[in-house]
Amino acid sequence: MLNILLWVGLLLPLTASATSSGFKRLLDAVVKIDVREVSFEGGTKRFGSGIGSGVILSKDGLILTNAHVVSPEAVEINVTLASLERVGATLVGWDHWTDLALIRLDMDEIKKRKLSFATAKLGNSDKLQPGQTVFAVGTPYGLTRTVTRGIVSNARRHFEDSRGVRGYETGAFNTWLQTDAAINPGNSGGPLATENGKVVGINSRGYLGADNLAFAIPSKVARQIIGALVADGEITRSYVGIVPGVLQDLEGFYELAQNTGMLIKSVDTGSPAAQAGLRGGDILLSIDGEKVDGRFPEQLPEIQNQIASRPVGEELKLEIFRNGSSLYKSVKTEKLISRVGEEEAFEEWGLSVRKVSRTYAREHQLEKSDGMVVIGVRPGYPAAVSGLTRGDIILKINRQDVTSLEIAKEQHDAYAVAPSSVLVETSRNHRVSLYVFKP
Amino acid sequence: MTRRSLVLIVFTLTALISRGGSALADMWQDRVKTVVAVEFFTETELDRRSTNTFGVVIDDMGTIIFPSQAIGARISPKQLEDFRIYFPGEPTTQEYSATYLGRDEFTGWEFIRVDEEAARARLVPITAYEEAPEPIVTEEIWGLGLKKKTEDFLPYFMSSRVSVLQSLPQRTAIAAQEVSGLGLPVYDQEGRFVGLSIGGFGRSFLQYTARIRGGVPVVLVNPDESAVVILAQEILPYLNRIPTNIEGRPIVWLGTNGLQPLDPVVARYLELENQAGLVISEILEDSPAEKMGLLARDVILSLDGDPLPVLKPDHVVITYFQREMSRRNPGDKVVLGILRDTERQQIEVVLEDAPLTPREAERRYFDSLGMTIREFTYIDGVQRRLDVADHHGVIAHFVKANAPASTAGLLTDDLIDEIDGVKVASYEEAAAILEGIAQDKERGEFVLLVKRAGDTAVLRVKLK
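Owing to the predicted nature of the structure, the values given are computational and were not obtained by experimental measurement.

### Some details on the overall build of chain A
Broken down by element type, chain A carries nine helices and 30 strands. With the principal axes as the frame, chain A shows a C-alpha extent of 85 × 65 × 45 Å. Taken across its 439 residues, chain A has 45% of its residues classed as buried. Considering only residue pairs separated by 6 or more positions, chain A has 62% of its internal contacts joining residues 24 or more positions apart.

Set out below in structure tokens:
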């Protein structure tokens, strides 16, 4: 018995603990975020609520959290400070690609109520070593101010998901920190920190059902995003339409020099890369003379980001390896746009829609990016009764082209005032059909 | 009593029993002669498959029809061989060869003709029996089915009552249960010819299991028997449509794609009472429809002055319109009444013979590469939403599993645009290049550029 006690006693000083003053300060900077948000599914505007975590980073009340916690669909954001005071906040900007969002505390209210809060410091995620102890702080399942401990399992994890953040694309332009610190729903947006309280990541997601496989956005990425969101409220990226693949083990197949090149898995239809004549199966060797090394999955985000961070409209000179020889292609970048367009619910019709985006139109081989996709209909309401179903693309309303959501809103407003039959033209798999919404 | 008279008496007695047994039994015995079992073989890249189906005799020349579903859509008539027939209930060791005559697009029938005179002489065409008037609901009708080859295609009696009559768009009787073998004739109580049971509907059920408590919808399809009878009036007038070539040419072409029916609410909104309309989704390039100025989104309202009929379900009007087209001939003029936005117009279109179909296209299999290429056809361009005018390339019609082409990632129906960096200008050229590659035993690899669902990919096919 004594032996065991001694043993434990010896161990304690060696185990990482988070009792530093820096960590205390971090704890005081972590907040719980309650969000009330609107959704447009099922033909109606519905209000839902969600809970997440966040960390205060500046004296002027900037809080970093996840894009899947606070999005532009949030209608009310309430922050619970460490002092257990609740304060309102507003969205500064979000970026689903990195799953980061920035909100700002209502500073007038803070002043009026004479509230105070601590701010946390961002650490350097590049210096993290696998095996290093880290701590996650957040609100798992609503349990406020929960601290869990783990290690950095992998400091450069590739994790891409085409509809990972509220149906939006994520993960193409950054790698993630993988940790075994327990991350549960509600931890989202909370910090992953070192024992001295430096924020090295923002906890974002975990594998459901897996044992402690969780992912955080590195602070290095966060630093860049914060700067751009504060300045512009949005992140602008460039796009050329290359879908990368790993070259791992295929260098021999393609007869390439070692440690070079990235496989172009496919090229988006109609994209600048496609127009320039790039094709799936080509190997990208360099961008504007800078060599590219994309043999492994974790190397791909960096290359993608290299293209994305160039100004929109700039010409890139891409060196391509095809059929045993190199060739150069000039590609003009365009602005990166999500596949997911703006959403709206036309409640009188019981119809939820999403604007067709350029990306969506290309993916579906549509001639134009006009129209809006039906994402839900409310049973018993005119849209559902007419026979319209999810996935139909509404092209015309009362013979007017739906070039924007505004046009549909005008038609809907007119219907709300004086209901009368509405003629709707749709397309589904390139098949044109007509429907009538009857009052 | 002498021995001779005894024999005589026995003979008369049996004759009496048989006649007195039932008139239906006699009719059954006779009408078995109108049907045969048909067998043919399909030559594919890897094997030779046999198909058994049932046929109906339509004339004294030994001509037999069977539904075209028996032949897969991807099969070229050139792959079909060794047609033969068997008499129901006779040993299958005795087969009679037949010649494939082709498919008729309008009726959807495949035609064959029995070669041997002796076999022809034993067949009785359905035209030997009187045409029945349209049956009434509740009327009892009967037919026959044939068992499998292992049971010598033994004929069996089937019977049911007419449950409902519909125009789909052909006049059709649906029986309460299966009433004959698929594609085989149905008769009334007087032995008159009611119609052919062609196709059928799957029957929907819910399947409950211990694990799936809510029930899973399942559709049960009887592949050998049918309860759906296309009436004689829809069959007898078209028995003379015996193809003159195995491709079934001419095939009439208008060039409207993706016809969609108007539902009754829309029709009413557009002030079209008691008639149907068809929205044209797409007008195909260089088609008769395009030449005469039809536009996508025009609504077809009438054909040669007759409004499109209201048929149920709504989509039946599509088949109605397509049948009306395919019963015509290339060169025929049709006048289409259309609605364009809010304006009604009449447009005259001269029908043409359809462009080459994938069924007719040239194909060639390269065993060492593990792929079959097929000539690019007009419809391939339409399906891939490519500009048909600058069409080229060949289609990967078949890709053999675990062979060089499939290992490189080639998929069935990929469009091959380039071979070894050379743009494919024609099928012949592609075949010649691939032949060269297949012959060259020294060659280590070749490169294909393929298009698939809007994407383009470079595939390196390793031969060694």
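That was the structure; now back to the text.
### Here's the deal with the sheet that holds strand β3 (residues 63-67) of chain B
Residues and elements named next belong to chain B. Spatially, the six strands close up into a barrel ordered β1-β2-β3-β6-β5-β4, and their pairing is antiparallel. Averaged over all pairs of adjacent strands, the angle between their axes in this sheet comes to 40°, without regard to strand direction. Bridge analysis of strand β1 (residues 35-43) against strand β2 (residues 48-57) gives nine bridges, and the strand direction is antiparallel. Bridged to Phe 40 within β2 is Thr 51.

### Notes on the interface of chain A and chain B
Between chain A and chain B, the residue contacts involve 24 residues of the former and 24 residues of the latter. For the side of chain A that touches chain B, the secondary structure elements donating two or more residues are β18 (262-267) and β30 (431-437) of chain A. Take the side of chain A that touches chain B: its biggest share by element is six residues, from β30 of chain A.

### Some words on the domain arrangement of chain B
In terms of domain boundaries, chain B breaks down into domain 1 (31-126), domain 2 (133-238), domain 3 (252-353) and domain 4 (363-462). Taking the mean C-alpha position of each, domain 1 of chain B and domain 3 of chain B sit 36 Å from one another.

### A look at the sheet that holds strand β11 (residues 185-187) of chain B
The strands that make up a sheet pair up through hydrogen bonds in the backbone, lying either parallel or antiparallel. Residue and element names in this part refer to chain B. Pairing is antiparallel around the closed barrel formed by six strands, whose spatial order is β7-β8-β9-β16-β12-β11. Neighbour-to-neighbour, the strand axes of the sheet open up by a mean angle of 40°, direction not taken into account. Two elements, strand β8 (residues 155-167) and strand β9 (residues 171-175), share five bridges in a ladder whose sense is antiparallel. Residue Val 162 lies in a different strand from β9, and its bridge partner there is Ala 175.

### Looking at the pairing of strand β15 (residues 214-218) of chain A
All names here are of chain A. Counting buried positions over the five residues of β15 gives five, a clear majority of the element. Of the strand pairs in this sheet, strand β12 (residues 176-179) and β15 are connected by three bridges, and their pairing is antiparallel. From the neighbouring strand, Gln 178 faces β15, where its bridge partner is Phe 215.

### Concerning helix α2 (residues 21-29) of chain A
Considered for burial, the residues of α2 of chain A that qualify are Phe 23, Leu 26 and Ala 29 of chain A. Relative to the axis of α2 of chain A, the buried residues are bounded by an arc of 115° and lie together on one face.

### Points about the confidence of the model for chain A
Low pLDDT means the predicted atomic positions in that stretch should not be read closely. In this model, chain A carries an average pLDDT of 91, and 95% of its residues clear a pLDDT of 70 or more. Counting contacts from residues 1-14 of chain A, a segment whose pLDDT is below 50, to residues more than four positions away or on other chains yields zero contacts.

### Quick look at unusual backbone geometry
Excluding glycine, most residues fall at negative phi; most peptide bonds, likewise, are trans. Cis geometry is found at the peptide bond from Leu 168 of chain B to Pro 169 of chain B, where omega equals -10°. Residues other than glycine seldom take positive phi values, yet Arg 166 of chain A does so here, at roughly 50°. Inspection of the secondary structure assignment puts Arg 166 of chain A in the loop between β10 (161-165) and β11 (168-170). Overall, Arg 166 of chain A belongs to the partly exposed group, with 16 C-beta atoms counted inside 10 Å.

### What to know about the confidence of the model for chain B
Residues and elements named next belong to chain B. Averaged over chain B, the pLDDT score is 91; the fraction of residues at 70 or greater is 95%. Per-residue pLDDT stays below 50 along residues 5-21; that stretch engages in one contact with residues further than four places along the chain or on separate chains. As scored by the predictor, the complex reaches a pTM of 0.84 and an ipTM of 0.82.

### Comments concerning the nonpolar core
Counting 59 residues, the largest nonpolar core has Val 55, Ile 63, Leu 64, Val 70, Val 79, Leu 192 and Ala 222 of chain A as the members making the most contacts within it. Summarising the domain contributions, this core has at least three residues from each of domain 1 (21-112) and domain 2 (122-232) of chain A. What Val 79 of chain A contacts, discounting residues up to four positions off in sequence, is Val 31, Ile 33, Ile 63, Arg 86, Val 87, Ala 89 and Leu 105 of chain A. Among the nonpolar cores identified, the runner-up in size contains 57 residues, and Val 356 and Ala 361 of chain A together with Leu 294 and Leu 301 of chain B belong to it.

### Describing the domain arrangement of chain A
Splitting chain A by domain gives domain 1 (21-112), domain 2 (122-232), domain 3 (238-335) and domain 4 (343-437). Between the C-alpha centres of domain 1 of chain A and domain 3 of chain A the distance comes to 38 Å.

### Some thoughts on the environment of Ile 419 of chain B
Residue and element names in this part refer to chain B. By the secondary structure assignment, Ile 419 is in strand β30 (residues 415-419). When the 23 C-beta atoms within 10 Å are taken as the criterion, Ile 419 is described as buried. Once residues within four sequence positions are removed from consideration, Ile 419 is found in contact with Val 424, Ala 430, Ile 433, Leu 434, Phe 446 and Leu 448.

### Some thoughts on the environment of Arg 161 of chain B
Residues and elements named next belong to chain B. Summarising the element assignment, Arg 161 is placed in strand β8. Note on Arg 161: 16 C-beta atoms within 10 Å, which makes it partly exposed. Measuring from C-alpha to C-alpha, the distance between Arg 161 and Ala 173 comes to 9.6 Å, with twelve residues separating the pair along the chain. Discounting residues that sit within four places of it in the chain, Arg 161 has contacts with Thr 138, Glu 139, Glu 140, Ala 175 and Ala 176.

### Some words on the environment of Asp 106 of chain A
All names here are of chain A. Turning to its location among the elements, Asp 106 is positioned in the loop between β6 (100-105) and α3 (107-112). Between the alpha carbons of Asp 106 and Asn 78 there is a distance of 9.7 Å; along the sequence they are 28 residues apart. Look past the residues within four positions of Asp 106 in its chain and what remains in contact with it is Val 87, Gly 88 and Ala 89.

Quick notes on the rules
- Residues numbered from 1 in each chain as written.
- Chains lettered and ligands numbered in written order.
- Predicted model: local features only at pLDDT ≥ 70, side-chain atom pairs only at ≥ 80, totals over all residues.
- Helix = DSSP H or I, 4+ residues; strand = E, 2+ residues; numbered from the N terminus.
- Buried ≥ 20, exposed ≤ 12 C-beta atoms within 10 Å, placed from the backbone.
- Contact = placed C-beta atoms within 7 Å.
- Pairing = 2+ DSSP bridges.
- Axes fitted to C-alpha atoms, helices over the stretch in contact; angles between N-to-C directions.
- Domains from an automatic or database assignment.
- Arc of directions from axis to C-beta.
- pLDDT = per-residue confidence, 0-100.
- Core = buried A, V, L, I, M, F, W, Y, C linked by C-beta atoms within 7 Å.

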